[in-house]
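# Commentary on secondary and tertiary structure
Okay, here's what each chain looks like letter by letter:
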Amino acid sequence: MGNSSTWHFPPVMALRTTFLDAFQDTMKPLFSDPDVRLNSVLARLEESVRYNTTDGKLNRGVAVLHTTNLLGRSDKKEQALALGWCIEILQGFLLVADDIMDNSLTRRGKPCWFRKVGLSAINDSILLDSSVYAVLKAHIKSEPCYLDCLELFLDVTRKTSYGQGLDLESESLSLSDFTMERYSAIVQYKTAYYSFYLPVALAMHLCGHNRPEQLEFAKLILLQIGHYFQVQDDYLDCFGDPKVIGKIGTDIQERKCSWLFITAMSLASEEEKTLLGEIYGQTDDASVGRVKELYHKLPLRERYQEYCTKTYQDISAAIAEDKSGLPKEAFSDFLDAIHKRNK
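Read on for a plain summary of the structure.

Rules used throughout
Residues numbered from 1 in each chain as written. Predicted model: local features only at pLDDT ≥ 70, side-chain atom pairs only at ≥ 80, totals over all residues. Heavy atoms only, no water. Helix = DSSP H or I, 4+ residues; strand = E, 2+ residues; numbered from the N terminus. Buried < 20%, exposed > 50% of the residue type's maximum accessible area, 1.4 Å probe, protein only. Contact = heavy atoms within 4.5 Å. Areas by Shrake-Rupley, 256 points an atom, 1.4 Å probe, with all protein chains shown as cover. Lys, Arg positive; Asp, Glu negative; His and termini not counted. Charge placed at Lys NZ, Arg CZ, Asp CG, Glu CD. Phe/Tyr/Trp six-rings, centres within 6.5 Å; stacked < 30°, edge-to-face > 60°. Patch = residues over 30% accessible without salt bridge, like charges linked within 9 Å, V, L, I, M, F, W, Y side chains within 5 Å. Salt bridge = Lys/Arg side-chain N within 4 Å of Asp/Glu carboxyl O. Axes fitted to C-alpha atoms, helices over the stretch in contact; angles between N-to-C directions. Parallel < 35°, antiparallel > 145°, perpendicular 65-115°, else oblique. Nonpolar A, V, L, I, M, F, W, Y, C, P; charged D, E, K, R; others polar. Core = buried A, V, L, I, M, F, W, Y, C linked by side-chain atoms within 4.5 Å.

### Overview of the overall build of the protein
Each helix and strand counted, the protein has 16 helices and two strands in total. Counting every position in the protein, which comprises 343 residues, the buried fraction comes to 52%. Of the contacts made within the protein by residues no fewer than 6 positions apart, 77% connect residues no fewer than 24 positions apart. Accessible area of the protein: about 15,600 Å², with a carbon and sulfur share of 52%. Computing the positive centroid from 39 side-chain charges and the negative centroid from 47, the protein places the two 3 Å apart.

### Observations concerning the packing of aromatic side chains
On inspection of all chains with the given rule, the structure shows 18 aromatic pairs. Centre to centre, the rings of W259 and Y304 are 6.1 Å apart; their planes meet at 70°, and the pair counts as edge-to-face. Of this pair, W259 sits in helix 12 (residues 259–267) while Y304 sits in helix 15 (residues 300–321), and the two are 45 residues apart along the sequence. Neither residue differs from the other here; W259 and Y304 are each classed as buried.

### Topic: a nonpolar patch on the surface
Judged by side-chain polarity, L119, I122 and I126 come together as a nonpolar surface patch covering roughly 300 Å² of accessible area. Structurally, the position occupied by L119 is in the loop between helix 6 (113–117) and helix 7 (121–140).

### Brief notes about the environment of Q282
Structurally, Q282 is set in the loop between helix 13 (270–279) and helix 14 (285–297). Separated by 259 residues in sequence, Q282 and F23 place their C-alpha atoms 43 Å apart. Beyond its immediate chain neighbours, meaning those up to four positions away, Q282 contacts Q253, S287 and V288.

### Thoughts on unusual backbone geometry
The backbone of L58 shows a phi angle near 65°, a positive value even though the residue is not glycine. With respect to the helices and strands, the residue L58 is situated in the loop between helix 3 (39–53) and helix 4 (59–70). Residue class for L58 comes out buried when judged on its relative accessible area of 2%. Located in the positive-phi region is N103, a residue other than glycine, with phi close to 55°. Relative to the assigned elements, N103 resides in the loop between helix 5 (77–102) and strand 1 (106–107).

### Details of the packing of helix 5 against helix 7
Two numbers describe how helix 5 lies on helix 7: the axes approach to 9 Å, and their chain directions differ by 170°. The angle between the axes of helix 5 and helix 7 places the two elements in the roughly antiparallel class. Residues E78, Q79, A82, L83, C86, I89, L90, G92, F93, V96 and I100 of helix 5 pack against A121, I122, S125, L128, D129, S131, V132, V135, L136, H139 and I140 of helix 7. Tallied by class, the residues present in the contact of helix 5 with helix 7 amount to 15 nonpolar, five polar and two charged.

### A look at the nonpolar core
Among the nonpolar cores identified, the biggest contains 104 residues, and F153, Y295 and F331 are the most heavily contacted of them. If one sorts the elements of this core by residue count, helix 9 (residues 180–207) sits on top with 16 residues. In contact with F153, not counting residues within four places along its chain, are L83, C86, I87, L90, V132, Y133, L136, L198 and L202.

So, in structure tokens, the structure goes:
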């Protein structure tokens, strides 16, 4: 359900240790209850939270702290850390559920949680989801932004589930239904809202920089950055070096509604389109190899470079022209972090 791909976000290097150090204090209310009959369940919850959150890159969580600092409210550090960990718990919930649906083997270099505990992981995912709101209430309830943050988490979780639904539907659709319009909807709902908009919007609410026009601009820019990020991810799935990106791409075998496939179909001859239609989604090495051979034959790399250059210029221009009063680094730091990435 969630997208596990990561990017090198420079502030992470400086703030990741601070963020990790806050884990125990932030989660303390979550792992304790006066009813001793829940001790074993809470111990299992703690194991699940640690297993499914602390080994990640933590870009989303750290981004809340980074944006809060940019907005000049370092005095809200504790609250920013709590909001950041809420996002990481949400990410854990999404990935546990996603791995079950995809029947995946590994996540972040270790067995998926459900491979470790079985299908009781379904209940763990429900507990992870509810834990977002327990941590939020414990640390943010006294803040003026509590209701805004609560509603934002509910809204983004629902939108991400819509995106997962669109992605799952693609498995049974005709390849002719794989359009750029459908692709953009999947990316926006499945990835961009929770990975890019949510961290910044939470910090904006926390710091009181949440006028409607400010939130609307943030959403506009960050959803565009999220789309740019996913196009890169699709490209690297085929053209990236597995030793660099840390995985072997499987979009072809999984018949993904990807930017590469849609763009390839727009560039291919009728004969090539027929061939793609016959072999795309086949899992045997020969079919996968033929799709990749065709991808390399078509001018996909050139089209990708054109897309990246124009998208970076357009988003940069929009950030430069913004008059909302928000620090431009809140957006340009994200953009620069993913621009020209190779993993």
